[in-house]
Amino acid sequence: MVTLAEVAQHAGVSASTVSYVLSGKRSISASTRERVEHSIQQLGYHPNAGARALASSRSNIIALMVPLRTDMYVPVMMEIAIAVATSARTHGYDVLLLTGEEGPAAVRRIAGSSLADAMILMDVELHDERLPLLRDSGRTAVLIGLPADTSGLTCVDLDFEATGALCVDHLAGLGHREVAVIGEAPAVYERHTGFAERTVDGVRAKAQEAGMRILHRPCEGGYAAMAGTLGRIFDERPGTTGFIVQNEAAVEPLLNLLQQQGRAVPEDVSVVAVCPEQVATQASVRLTSVAIPAQEMGRRAVEQVVAKLAGRGTDEVELLEPVLTVRASTGPAPA
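The following paragraphs examine the structure supplied in this document. Just so we're clear, the structure is a prediction, and the values are computed from it rather than from any experiment.

To continue, consider the environment of I244. By the secondary structure assignment, I244 is in strand β8 (residues 242-245). Accessibility expressed as a relative area gives 1% for I244, which makes it buried. For I244 and A273, which are 29 residues apart along the polypeptide, the C-alpha to C-alpha distance reads 5.7 Å. In this structure I244 touches C167, V168, L171, V179, A180, V181, I182, V203 and V272, once residues within four positions along its chain are discounted.

In any sheet, the strands associate via hydrogen bonds between backbone groups, in a parallel or an antiparallel arrangement. Strand order across the open sheet formed by six strands is β2-β1-β3-β4-β5-β11, with parallel pairing between neighbours. A strand with exactly one partner marks an edge of an open sheet, and here the two such strands are β2 (94-98) and β11 (317-320). Adjacent strand axes in the sheet meet at a mean angle of 20° when their direction is disregarded.

In this section: the sheet that holds strand β10 (residues 288-291). A sheet is described by the order of its strands in space; here six strands give the open sequence β7-β6-β8-β9-β10-β12, paired in mixed fashion. Edge positions in the open sheet fall to β7 (213-218) and β12 (324-325), since each of these has one partner strand only. Direction of pairing for β8 relative to strand β9 (residues 270-275): parallel, over a ladder of four bridges. Note on β9: the bridge partner recorded for I244 is V272. Here helix α11 (residues 223-236) sits on the sheet and contacts β6 (178-183), β7 and β8; the angle it forms with β7, its principal contact strand, is near 155°. Each of β6, β8 and β9 is contacted by helix α12 (residues 248-260), which is oriented at about 165° to β9, the strand it contacts most.

At a closest axis distance of 9 Å, the pairing of α11 and α12 adopts a crossing angle of 55°. Taken together, the axes of α11 and α12 lie oblique to each other. Crossing hand, α11 versus α12: right-handed. Contacts between α11 and α12 involve Y223, M226, A227, L230 and F234 from the former and A250, P253, L254, L257, L258 and Q260 from the latter.

Another aspect to go through is the packing of aromatic side chains. This structure, assessed with the given rule, holds two aromatic pairs. Aromatic side chains F160 and F195 sit 5.6 Å apart centroid to centroid with 50° between the ring planes, which places their arrangement in the tilted category. Here the residue F160 occupies a position in helix α8 (residues 160-173), and F195 occupies one in helix α10 (residues 194-210), the gap between them amounting to 35 residues. Of the residues examined, F195 reaches a relative accessible area of 18% and is grouped as buried. The interplanar angle of 80° and the centroid separation of 5.9 Å between the aromatic rings of F234 and F243 together place this pair among those described as edge-to-face. Positioned over the ring face of F234 is R263, at 3.6 Å from the centre of the ring.

Here the focus is unusual backbone geometry. The peptide bond linking V265 to P266 adopts the cis configuration, its omega dihedral lying at 10°. In this fold, P266 is placed in the loop between α12 and β9. Phi is positive for D123, close to 55°, though the residue is something other than glycine. Accessibility expressed as a relative area gives 7% for D123, which makes it buried. Positive phi outside glycine occurs at H192, with the angle close to 55°. Structurally, the position occupied by H192 is in the loop between α9 (186-190) and α10. Judged by relative accessible area, which is 40%, H192 ranks as partly exposed.

Calculation criteria
- Residues numbered from 1 in each chain as written.
- Predicted model: local features only at pLDDT ≥ 70, side-chain atom pairs only at ≥ 80, totals over all residues.
- Heavy atoms only, no water.
- Helix = DSSP H or I, 4+ residues; strand = E, 2+ residues; numbered from the N terminus.
- Buried < 20%, exposed > 50% of the residue type's maximum accessible area, 1.4 Å probe, protein only.
- Contact = heavy atoms within 4.5 Å.
- Pairing = 2+ DSSP bridges.
- Axes fitted to C-alpha atoms, helices over the stretch in contact; angles between N-to-C directions.
- Parallel < 35°, antiparallel > 145°, perpendicular 65-115°, else oblique.
- Left-handed = near helix turned anticlockwise from the far one by under 90°.
- Phe/Tyr/Trp six-rings, centres within 6.5 Å; stacked < 30°, edge-to-face > 60°.
- Lys NZ or Arg CZ within 6 Å of the ring centre and 35° of its normal.

Right, here's the structure in full:
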């Protein structure tokens, strides 16, 4: 088993320098740090977790709070979680996954113990009840999501307002003037979940600029719920020619129902989705979409945490720019 002394000898530095590189307690020059890290990798050195925690007052664990709710699309949440775990491992951290809907209690549990060095919070609401306690605790934390008040917080997210605006821009450019937004389940809006609220805000603001009429209808997803929602949309706005879908579970039912009604996509109706790339490309009609950059969100959150733990990070909001990919589901509005 490789020892710290052997790493020091291989790197040509003192044992204390290796210890400082591992603990982050002191500033080490970039060249020395790289030499030590290279030796660690070459020799396959793994510090004793218990001894390291005692010596550095750190656990080298990041707590990831990701409530798994039935009204959320779990594959996206888990893709972000896997990205967090994978990225954390490359920086020498393990991940403690908290999946319950504990709210502030989970923050209190982590902040009041030595279970983890930092926290990453997902499923962030505009007025998230976890945040006052998080601010008061002074513990290192990063949010994957954007609350209404970001002061004193570090946040990483897709720019969902820009995402909504981008979808409207695309449909407006094709001549669509009556557009319906099929949103997440009603409970998501009742909780004022940040990503869903911000997407609708972006849609409405850009639609007003473009002279487009918007109808927003939450939907539980699934065939029966989608059938009821679609029926109400065409009852209220018979001239609807465009759909923006932010609900993965509603995508395929919507496409099937439109086909059954004799509405061809994209000749009669255009559909734009905010969803993972896999959902868009594997749909029965390949969907024009804005992808959810789950892996980048997870990776950037970990990088922000690591920087803050090393004393290099600052409180900031990092919004990832949305990218719209045109496929087979959108076309010019019918005359």
